[in-house]
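Structural features, examined
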Amino acid sequence: KPGFEGGRPWESRGDNNGFRGAVAKTDEPDFASADQAKEAFFKLLRKHNIKYDTPWTDALRIVVKERDYRAIKDSRERKRAYEDYCVEQKEEERNKEKERREKLREEFRAMLKTHEEIKHYTRWRTARPMIEREAVFRNAGDDEERRQLFEEYILGLKKQNAEQEVAARKQALDRLSDLMRTTVLDADT
């Protein structure tokens, strides 16, 4: 073969300088603590919008070429950090959902209070046409969530109505008792 003078193929290069030493990677991230490295790794995962339900292999394909992927040197620690990230993301999403539901519950309750025609005995199928054009109604996730919020409101109205009935009954009995005391002068009357 022309240009090949025997020996190994890498020996046939024209420069013939031999071993040049270890190649230094200047692109390796270096962090002062493991927490900083973990935070950089989390930031990378957030940057690529990786969700908690994304499998590790899929997440790996997305971020493996990034510089901060190598923030955590050991692959087992990197996978553990990813699992921690997933737990953190799931908790974050759960908290956001809880806040959203609380806000929606308050808005839905306020909207229902504006409809005076809704009483403690009103049913969902009767109330739905009255409230379905409201913005809060449309902001609720699905029909099941809307119905559940309505039922919670009606339950509160029923409780309030029962308390009012008990108070009215007690007041009426007290008045009757006072009337009886003033009217009945003796046992023979």
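So, here's what we can say about the structure. This is a predicted model, so every value here is computed, not measured.

Before going further, it helps to examine the packing of helix H1 (residues 34-47) against helix H3 (residues 75-114). For the pair H1 and H3, the least separation of the axes is 10 Å and the interaxial angle reads 60°. By the angle class used here, H1 and H3 are oblique. Between H1 and H3 the crossing geometry is right-handed. The residues of H3 that touch H1, namely those facing Lys 38, Phe 41, Phe 42, Leu 45 and Arg 46, are Arg 78, Ala 81, Tyr 82, Asp 84, Tyr 85, Glu 88 and Gln 89.

Once that is clear, we can look at unusual backbone geometry. Residue Asn 49 is not a glycine yet carries a positive backbone phi of 55°. Within the secondary structure, Asn 49 sits in the loop between H1 and helix H2 (56-63).

This part is about the side chain of His 115. Looking at the secondary structure, you find His 115 in the loop between H3 and helix H4 (124-131). Within polar-contact distance, the side chain of His 115 engages the side chain of Glu 134 at 3.0 Å. Once you skip the residues sitting within four places of it in the chain, His 115 turns out to touch Met 130, Ile 131 and Glu 134.

Reading the values: rules and limits
Residues numbered from 1 in each chain as written. Predicted model: local features only at pLDDT ≥ 70, side-chain atom pairs only at ≥ 80, totals over all residues. Heavy atoms only, no water. Axes fitted to C-alpha atoms, helices over the stretch in contact; angles between N-to-C directions. Helix = DSSP H or I, 4+ residues; strand = E, 2+ residues; numbered from the N terminus. Parallel < 35°, antiparallel > 145°, perpendicular 65-115°, else oblique. Left-handed = near helix turned anticlockwise from the far one by under 90°. Contact = heavy atoms within 4.5 Å. Polar contact = N/O pair within 3.5 Å; in protein donor to acceptor, adjacent residues only side chain to side chain.

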